Amino acid sequence: MKQAVLFLAILIPSALFAWFNRDMPQLGVHHDDSIYWVSAKALATGQGYRILSFPGEPFQTKYPPLYPALLSLVWKVDPEFPRNLRWATLLAWLMMPVYLLLVKRVLTGLGIAKWWSWGLTAAAGLNVITILLGISLMSELAFSVALLIVLISAERDDVPSWAIGLLAGIAFLLRSTAIPLAITVPICFWIRGRAKQAAWFLCGMLPAVAGWEIWVRFHKFAATDPASLYYTDYLGFHLQYVHFTDLPALFWANLGGYFSAAGQLLIFNPEEGFWAAQLARITCFAALMGVYRIVRNTGKIQFAAYGIGLSAMLLMWHYSPTARFVYALYPLLLAGLATEVIHVAGMLFTAFRKPKKDDLIAASLFGAAVVAYAGVFAWFTYAGLVNFLPAMLKERREVTYYNRIAYDWIRKNTAPDARFFAYDDGMLYLYTGRHAIGRPIPPDLLFRLNKAGLDKYVSQTPSMVKEHALDYVLLTDTDFSRDLHRDRMQLLRNVVNASPDFKPMFQSPHAAVYRYLPRPLDPPRLLPASLDRPAEAAGAEAAELPGPE
C-alpha cells in the first residue's frame, strides 16, 4: 500500500502538467512531433502513410509507422484540430506510469536496493525532460517502454527468444534507434552460451526491420535535393553531407555533445555556459563509471551492450546528440550514477573510520563535494519544475497564439493549393491545410562550426524558394530556433526584404508573409484578389483568436 501511494505521488507533477497544458502549446517545438501528427492524420483519414504537409504529399519513409499509427487513434476519436490535442496529451501521458514502473523494475534488476530504486524512480518521474516527453507527441517515451520490456526479457531465461525478437521488432517500428538490438542482444546471448536463442531472436526481429526497409524502397520519394532527403530519407541525408574524411571531426564534435546531453539528462540545468557543461560532463563520466561497476558486479550486460551500440550510432550521426537522443539510456545512466555515488559514500565511510589525519581531511572535502552536488541536483530539479518548464510552456503558448494570427490570415487569403516556405511547416499545414517545406541546415556546417557557410546558406534561401516553385515565404520569431542563433533569423528577413522577387503581404510584430512574384516565363497561378494588398495583424482577424493565458 505504501509503495502504491508513493508511486501515485511520483505521478502527480507530470499529471498536473498534462492537465494544465492539455492544449499542448509546445507542439512543433521539436518539429518531429508536428510531422508525426501530420502523418497520423494521413493514416486516420485513409490517405496512406504520407507526409500531408509536404508539397506533393510523398509517402512517409523517414519514421517507422507504429507511433504515428498509435497517434492516428486520436484523429479517429476526434478529427478536429487543435481540439483533439487534449486527447493526444492524454495518450502521451498514459505512457508515463508504464514507463516509471519499468524503470523501477530495471533499477532493481541492476542491483539497486529497494528504497534507492524508489528514490531513483522518483527522480525519473520528476525529471523535466521526462515530464516534457510525457506531454509531447514525441516517440521517445513509447519507444523507451518497448525497449525496457525487451531488455528486461532478454536478461531472463524463461522468456522465448523469438518472443523477445518480436518485441524488439515492435520497438524498431516505434523508433529506428532500436536497430542496435539486432546486434547487441544476439552477442549477449552468445556470450552466455545461448547461440541458438540468438538465432531465434533474429528470426523474431528481422521481419519487422526487413518489412519496413522493403516498404521504404518501393515508396521512397524520387527527389534528391537536400530538403526532400531530410524529410524522407534519414540515411540519404546523412550520406549527402557526411563523408569518410568528415568522421574524425564529426566524432569529436559529437563526443562533447554526448557527455553534455547525458549529464543534462541526469542533472537538469536550464543554464548554459562553461561551468554548466563541465558539471554535465562530470556527471556523465560518473554515471558511466557506475555502469561499469554494475556490469562487473551483476553480470547484467544487455542494457550496457545496447548502450554501447546506441552511443556508437549517436557519435557518428550527422547531428550532435541531445538529451532527447540519449533518453533511451536514461535508466541505465541513472542506475550508474547512483551506483557511483554509493561507491563514493562507502569510500568516505571507510576513510572516516581511519585515524589518519590526512585521510580525514581528504574524506571531509570529498564528502562536502558530494553533499554540494546533491544540493545542486535538488535545486536544479526544483528550478526546472517550478521555473523553467512553466516558463517554457508559457512562451510556447504565446508563440502559438502569435503564429496563429499569421496562419489565420494565410487560411483566409491564399489559394488552397498555395505552397509555402516555413520553418515550422508541419504547424502551418495543421492550421491552414497549405503545403509547406522548411530548409534543414546541412550538418557539416554545424559540426564544423562554419559560421561563414551558415550565413551563406541562409542567404541562399530565396533560391531554394524558386527552385521548389513555392508561392510564399512565412517568417516568424522562432525561425532557426532549433538550429541556429537568432541573428540568422534576422539575416533571412533582411535577404527576403532586399529581394525584388518577394512582396510583403502580411506583417505583424512576430510574423510576416511574403509572396514570391513569378517571372514572366513562369507559369501563372490564380490567386484571390485580396492578395493584391498587404494586411496587418491588428484588427478583426486577431480578435478572433483567444489570447495566450
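Conventions used here
- Residues numbered from 1 in each chain as written.
- Predicted model: local features only at pLDDT ≥ 70, side-chain atom pairs only at ≥ 80, totals over all residues.
- Heavy atoms only, no water.
- Helix = DSSP H or I, 4+ residues; strand = E, 2+ residues; numbered from the N terminus.
- Rg over C-alpha atoms; globule rule 2.2 N^0.38 Å.
- Buried < 20%, exposed > 50% of the residue type's maximum accessible area, 1.4 Å probe, protein only.
- Core = buried A, V, L, I, M, F, W, Y, C linked by side-chain atoms within 4.5 Å.
- Contact = heavy atoms within 4.5 Å.
- pLDDT = per-residue confidence, 0-100.
- Salt bridge = Lys/Arg side-chain N within 4 Å of Asp/Glu carboxyl O.
- Phe/Tyr/Trp six-rings, centres within 6.5 Å; stacked < 30°, edge-to-face > 60°.
- Lys NZ or Arg CZ within 6 Å of the ring centre and 35° of its normal.
- Axes fitted to C-alpha atoms, helices over the stretch in contact; angles between N-to-C directions.
- Parallel < 35°, antiparallel > 145°, perpendicular 65-115°, else oblique.
- Left-handed = near helix turned anticlockwise from the far one by under 90°.
- Nonpolar A, V, L, I, M, F, W, Y, C, P; charged D, E, K, R; others polar.
- Arc of directions from axis to C-beta.
- Expected span 1.5 Å × (residues − 1).
- Patch = residues over 30% accessible without salt bridge, like charges linked within 9 Å, V, L, I, M, F, W, Y side chains within 5 Å.
- Areas by Shrake-Rupley, 256 points an atom, 1.4 Å probe, with all protein chains shown as cover.
- Pairing = 2+ DSSP bridges.

## Details of the overall build of the protein
- Along the protein, the regular secondary structure elements total 24 helices and 6 strands.
- Against the compact-globule benchmark of 24 Å for 549 residues, the protein has a radius of gyration of 25 Å, which places it among compact chains.
- The dimensions of the protein, computed from C-alpha atoms along their principal axes, are 90 × 55 × 55 Å.
- In the protein, which comprises 549 residues, the share counted as buried stands at 54%.

## So, the nonpolar core
- Residues Leu 27, Trp 37, Tyr 99, Leu 181, Tyr 306, Phe 420 and Leu 474 are the most contacted members of the largest nonpolar core, which totals 160 residues.
- When residues of this core are assigned to their parent elements, the largest contribution, 11 residues, is made by helix H8 (residues 140-154).
- Those residues in contact with Leu 474 that sit more than four places away from it in its chain are Ala 406, Tyr 407, Ile 410, Phe 420, Phe 421, Ala 422, Leu 428, Asp 479, Ala 511, Ala 512 and Val 513.

## A look at the confidence of the model for the protein
- Looking at the protein, the pLDDT average stands at 88 and 91% of residues meet or exceed 70.
- When mean pLDDT is taken per element in the protein, helix H3 (residues 66-77) scores highest with 98 and helix H24 (residues 540-543) scores lowest with 37.
- The model gives residues 521-544 a pLDDT under 50, and that stretch makes 43 contacts with residues more than four places away or in other chains.

## Structural notes on unusual backbone geometry
- Omega for the bond connecting Phe 81 with Pro 82 falls within 30 degrees of zero, at 5 degrees, which places this linkage in the cis form.
- With respect to the element layout, Pro 82 can be found in the loop between H3 and helix H4 (85-93).
- Positive phi outside glycine occurs at Phe 480, with the angle close to 65 degrees.
- Assignment of secondary structure puts Phe 480 in the loop between strand S3 (472-476) and helix H23 (486-498).

## Structural notes on the pattern of salt bridges
- Taken as a whole, this structure holds 16 salt bridges when the rule is applied.
- For Arg 175, the salt bridge identified is with Glu 140, shortest N-O distance 3.1 Å. Pair noted here: Arg 175 is in the loop between helix H9 (161-174) and helix H10 (181-191) and Glu 140 is in helix H8, with a separation of 35 residues, a long-range link. For the pair formed by Arg 175 and Glu 140, the shared burial category is buried.

## Let's talk about the packing of aromatic side chains
- Considering all chains together, one arrives at 29 aromatic pairs under this definition.
- Summarising the aromatic geometry, the rings of Phe 81 and Tyr 431 are spaced 4.9 Å apart at their centres and angled 70 degrees between planes, so their arrangement reads as edge-to-face. Here the residue Phe 81 occupies a position in the loop between H3 and H4, and Tyr 431 occupies one in helix H19 (residues 425-432), the gap between them amounting to 350 residues. In this structure, Phe 81 and Tyr 431 share a single accessibility class: buried.
- Ring centres 5.9 Å apart and planes at 70 degrees place the aromatic pair Tyr 234 and Trp 317 in the edge-to-face group. With a gap of 83 residues between them, Tyr 234 in helix H13 (residues 234-241) and Trp 317 in the loop between helix H16 (302-315) and helix H17 (330-352) connect regions that are remote in the sequence.
- Residue classification places Trp 317 among the partly exposed residues on the basis of a relative accessible area of 24%.
- Here the aromatic residues Phe 54, Phe 221, Tyr 230, Tyr 231, Phe 237, Tyr 241 and Tyr 319 are joined through ring pairs into a cluster of three or more.
- The ring of Trp 19 has Arg 22 sitting right over it, with the charged end atom 4.0 Å from the ring centre.
- Taking NZ or CZ as reference, Arg 50 lies 3.8 Å from the ring centre of Phe 59, over its face.

## Focus: the packing of H8 against H9
- Between H8 and H9, whose axes approach to 9 Å, the crossing angle comes to 160 degrees. With respect to H9, the element H8 is oriented roughly antiparallel. Relative to H9, H8 is oriented so that their crossing is left-handed. Listed contacts from H9 to Ala 142, Phe 143, Ala 146, Leu 147, Ile 149, Val 150, Ser 153 and Ala 154 of H8 are Ile 164, Leu 167, Ala 168, Ala 171 and Leu 174.
- Classifying every residue of the contact of H8 with H9 by side-chain character gives 12 nonpolar, 1 polar and no charged.

## A closer look at the side chain of Ser 161
- Structurally, Ser 161 is set in helix H9.
- Residues within four places of Ser 161 in sequence aside, it is in contact with Phe 189, Gln 197, Trp 200 and Phe 201.

## Topic: the side chain of Glu 340
- Along the polypeptide, Glu 340 turns up in helix H17.
- What makes Glu 340 buried here is its relative accessible area of 11%.
- Look past the residues within four positions of Glu 340 in its chain and what remains in contact with it is Ala 286, Met 289, Gly 290 and Arg 293.

## Some words on the environment of Ile 164
- Mapping Ile 164 onto the fold places it in helix H9.
- Exposure remark for Ile 164: the relative accessible area of 0% places this residue in the buried category.
- When the C-alpha atoms of Ile 164 and Leu 202 are compared, they prove to be 9.3 Å apart, with 38 residues separating the residues in sequence.

## Focus on helix H21 (residues 451-459)
- Taken residue by residue, H21 has Gly 453, Leu 454, Tyr 457 and Val 458 as its buried positions. Down the axis of H21, the buried set is contained in an arc of 135 degrees. They therefore lie on one face. Summarising the geometry of H21, the exposed residues directed more than 90 degrees from the buried face are Lys 451, Ala 452 and Lys 456.

## Describing helix H5 (residues 95-109)
- Taking 1.5 Å of rise per residue, the 15 residues of H5 would be expected to cover 21 Å, and the 21 Å separating its terminal C-alpha atoms lies within 8% of that figure.
- Backbone geometry just after H5 places Gly 111 at a positive phi near 90 degrees.

## Focus on the environment of Gly 290
- With respect to the helices and strands, Gly 290 occurs in helix H15 (residues 274-298).
- Beyond its immediate sequence surroundings of up to four residues, Gly 290 is in contact with Gly 336, Thr 339 and Glu 340.

## What to know about the packing of H4 against H5
- For the pair H4 and H5, interaxial distance at closest approach is 5 Å and the crossing angle is 10 degrees. Of the possible angle classes, the one that applies to H4 and H5 is roughly parallel. Taken together, the residues of H5 that come into contact with H4 (itself represented by Leu 91, Ala 92 and Trp 93) are Met 95, Met 96 and Pro 97.
- Of the residues assigned to the contact of H4 with H5, the class counts are 6 nonpolar, no polar and no charged.

## Some remarks on a nonpolar patch on the surface
- Residues Ile 12, Leu 16, Trp 19 and Phe 20 make up a contiguous nonpolar surface patch of roughly 470 Å² in combined accessible area.
- Assignment of secondary structure puts Trp 19 in helix H1 (residues 2-20).

## Digging into the pairing of strand S5 (residues 511-516)
- Here S5 lies mainly inside the structure; 6 of its 6 residues are buried.
- Residue alternation in S5 divides its side chains into two sets, Ala 511, Val 513 and Arg 515 and Ala 512, Tyr 514 and Tyr 516, and both sets are buried.
- Pairing between S3 and S5: 5 bridges, direction antiparallel. Bridge pairing in S5 links Leu 475 to Ala 512.
- Bridge count between strand S4 (residues 502-507) and S5: 5 bridges; the pairing is antiparallel. Among the inter-strand pairings, Pro 504 is bridged to a residue of S5, identified as Tyr 514.
- Between S4 and the antiparallel strand that follows it, S5, lie 3 residues.

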